[in-house]
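The lines below spell out each chain.
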Amino acid sequence: MLSLRTVSCVRNIARCVFPVIQKSVTGKLHSASVLACSRVNNQKAAMDATEPARRHTTYGQPVQHTHPHLISPGEVIPGICLEEIQARRRMLLFSMKEFCAKNVDKSIKNHIVIIPAANKKYMSHKIPYVFRQNTDFLYLSGCQEPDSVLVMEIDGEDYCKSTLFVRPKDKHAELWDGPRTGVQAAADIFGMEQSYDVALLKEYLMKYSFAHPNAITWFDEKASDLEDVSKIVAGVTHNHMRSPIEFVHNIRVIKSPSECELMRKTCEIASSAINRTMAESYPGIGEHHVFATVDYCTRMSGANFLAYPPVVAGGTNATIIHYVNNNQIVRGGEMILLDAGCEYHGYTSDITRTWPVDGKFTDPQRVLYEVLQQVQLELIGCLQHAGGETLDQLFDTMCTKIGKYLQEVKLIPATCSGLELSRAAYKFCPHHVSHYLGMDVHDTPLVSRSIRLRPGMICTVEPGIYISHERTDVPPEFRGLGLRIEDDVLIRPDKQVEVLTKTCIKDRQLLEEMLSNRHSTVNATVDKQ
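Presented here is a report on the structure given in the accompanying data block. (Residues numbered from 1 in each chain as written. Predicted model: local features only at pLDDT ≥ 70, side-chain atom pairs only at ≥ 80, totals over all residues. Heavy atoms only, no water.)

## Comments concerning the packing of helix α11 (residues 257–279) against helix α12 (residues 287–300)
Contact geometry for α11 and α12: axes closest at 8 Å, N-to-C directions at 140 degrees. With respect to each other, α11 and α12 are oriented oblique. Seen along the crossing, α11 lies across α12 with a hand that is right-handed. Mapping the contact onto sequence places Ile-269, Ala-270, Ala-273, Ile-274, Arg-276 and Thr-277 in α11 and Val-290, Thr-293, Val-294, Tyr-296, Cys-297 and Thr-298 in α12. (Axes fitted to C-alpha atoms, helices over the stretch in contact; angles between N-to-C directions. Helix = DSSP H or I, 4+ residues; strand = E, 2+ residues; numbered from the N terminus. Parallel < 35°, antiparallel > 145°, perpendicular 65-115°, else oblique. Left-handed = near helix turned anticlockwise from the far one by under 90°. Contact = heavy atoms within 4.5 Å.)

The following block contains the structure:
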């Protein structure tokens, strides 16, 4: 693990670089940025000169002239410009070099970082799953093609070089699996200094190792889907490697303004879809029907797909935290717990709502819902303040607050206090209250939840109450009830927060009003028939 001091240093670099690199970690980054911008301009000029031919060229992913409805000028993936992705690579290289100079060996000047793409995965013979790119690779390259490799280098003069190894054009393979960008176009499309056939990776790394025998190689075999690449790197380096992933995650956890806009959009889509899904529910609906509705609504609003298998838990199924069977009927008098989010151009949302399927909470349901709603409101309010300066602090605060409010409704003995009270509350909510959110649902997992929240971070706030049917220490009317309320929150400067999922209805009265209006409309239609 990196020290907290080092993590703070990396984040300071991140704050300075986004959206534009402003100053150098070593005093030379600004010059490198100017040089890189010059290269980008040259690349753009070259691309303009070859525009007629490019109109007939095929690519392995959307580009601006083939998909102008998705990619704006200057973007390499929707919403993210090429310059930003190049800045990410430079920031990573300079932060790693600085870390090594201070903590490893300042005489080591050369570093090479190897980040592989994901590979295609198959559910059965010749039947692939929907491809999802390795998010670390996508973040640093903008490339959405499988079986590629990104190689980044920095030398003693702080010169940064990026090389992308991709699959070559192959008419037969492309007939079956779709177009590839190919070696010739890859450097221009993704803003690299050079690009090569992935088959030349071993030769390239061997030449580098001979030229720079003391360089540090950064590669994480555990994070690699590409077994052949792992073998090549291990053979060339004799297994002398360091993992770059923690450095990548410490940059990724701070979102740029462009990323925040994408996160707003994915949260907006998911919020609207869940509102519609709640409004269209009714006693006797199948959990799978609810699943299908939220999936349909997110896709019809522009999402690529659901961010994860949703939890659609009716009745007592809601006491199973990761229930994903979604195959039961929800009966009148029961609640539905829906945990769902979508992925929009590489960025994910994660929302949970709980509601009564017939439109009105029973008294025990209402008591627990109001407790949970109040706890979540207070937790969001204390983010960046006492009790919410870190996600782990927020978890401790949740246990204290759930314990206090459940004491008030007589579900926890009044004699409990302090640690005993928190332990009693944990039995009602045995999961953490928050995780980071971004390109992955549980984003940047190597970033500790014990570090101070910083502007640009996005996290969930998701307290829950789960009471098994088997519990005998609570009144019978509360047994078998499970609830969770989850929102996505952007940490902003000056100790402010922005609830990205604020349009997803959760207020009890507004929720019952929406559900009652929907059910009244349905009943009126039935009566007329």
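## Some details on the sheet that holds strand β10 (residues 305–306)
Read from one edge to the other, the open sheet built from three strands follows the order β10-β13-β14, with strand pairing classed as antiparallel. Looking at which strands have only one partner, the edges of the open sheet turn out to be β10 and β14 (347–348). Pairing analysis gives two bridges linking strand β13 (residues 342–344) to β14, with the strands arranged antiparallel. Bridge pairing in β14 links Tyr-344 to Tyr-347. (Pairing = 2+ DSSP bridges.)

## Thoughts on the sheet that holds strand β12 (residues 335–340)
An order of β11-β12-β15 is seen for the three strands of this open sheet, with the pairing classed as antiparallel. For this open sheet the edge positions go to β11 (311–314) and β15 (351–356), each flanked by a neighbour on one side alone. In this sheet, adjacent strand axes meet at a mean angle of 10 degrees when their direction is disregarded. Examined bridge by bridge, β12 and β15 share six bridges and lie antiparallel to one another. Looking at β15, one finds that Leu-337 is bridged to Thr-354. Sheet strands touched by α11: β12 and β15. Its angle to β15, the strand with the most contacts, is close to 15 degrees.

## A word on the pairing of strand β19 (residues 487–492)
Counting buried positions over the six residues of β19 gives five, a clear majority of the element. Bridging between strand β16 (residues 458–461) and β19 involves four bridges; their strand directions are antiparallel. Looking across to β19, one finds that Thr-460 is bridged to Asp-488. Bridging between β19 and strand β20 (residues 496–499) involves four bridges; their strand directions are antiparallel. Bridge pairing links Leu-490 to Glu-498 in β20. The antiparallel pairing of β19 with β20 creates a hairpin that spans three residues between the two strands, and Asp-494 there sits at a positive phi of about 60 degrees. (Buried < 20%, exposed > 50% of the residue type's maximum accessible area, 1.4 Å probe, protein only.)

## Some thoughts on helix α8 (residues 201–211)
Within α8 the residues assigned to the buried category are Leu-201, Tyr-204, Leu-205 and Tyr-208. What you see down the axis of α8 is that its buried residues fit within an arc of 95 degrees, all on one side. In this structure, α8 carries Lys-207 and Phe-210 as exposed residues pointing more than 90 degrees from its buried face. If you follow the buried residues of α8, they end up packed against β3 (111–116), β6 (149–154), β7 (160–166), β8 (194–197) and α9 (227–237). (Arc of directions from axis to C-beta.)

## As for the packing of aromatic side chains
One pass over the structure, following the stated rule, counts seven aromatic pairs. Considering the side-chain rings of Phe-99 and Phe-247, the 5.1 Å spacing of their centres and the 70 degrees angle between planes classify their relative orientation as edge-to-face. Residue Phe-99 is located in helix α4 (residues 82–103), and its partner Phe-247 is located in helix α10 (residues 245–252); the two are separated by 148 residues in the primary sequence. Owing to a relative accessible area of 14%, Phe-99 belongs among the buried residues under this scheme. Since its relative accessible area comes to 2%, Phe-247 is described here as buried. On the numbers, 5.3 Å between centres and 85 degrees between planes, the contact of Trp-218 with Phe-247 is edge-to-face. Of this pair, Trp-218 sits in strand β9 (residues 216–218) while Phe-247 sits in helix α10; the two residues are 29 residues apart in sequence, bridging distant segments of the chain. (Phe/Tyr/Trp six-rings, centres within 6.5 Å; stacked < 30°, edge-to-face > 60°.)

## Observations concerning helix α13 (residues 363–381)
The end-to-end C-alpha distance of α13, which contains 19 residues, comes to 27 Å, matching closely the 27 Å that a straight helix rising 1.5 Å per residue would cover. Listed as buried for α13 are Pro-364, Gln-365, Leu-368, Tyr-369, Val-371, Leu-372, Gln-373, Val-375, Gln-376, Leu-379 and Ile-380. (Expected span 1.5 Å × (residues − 1).)

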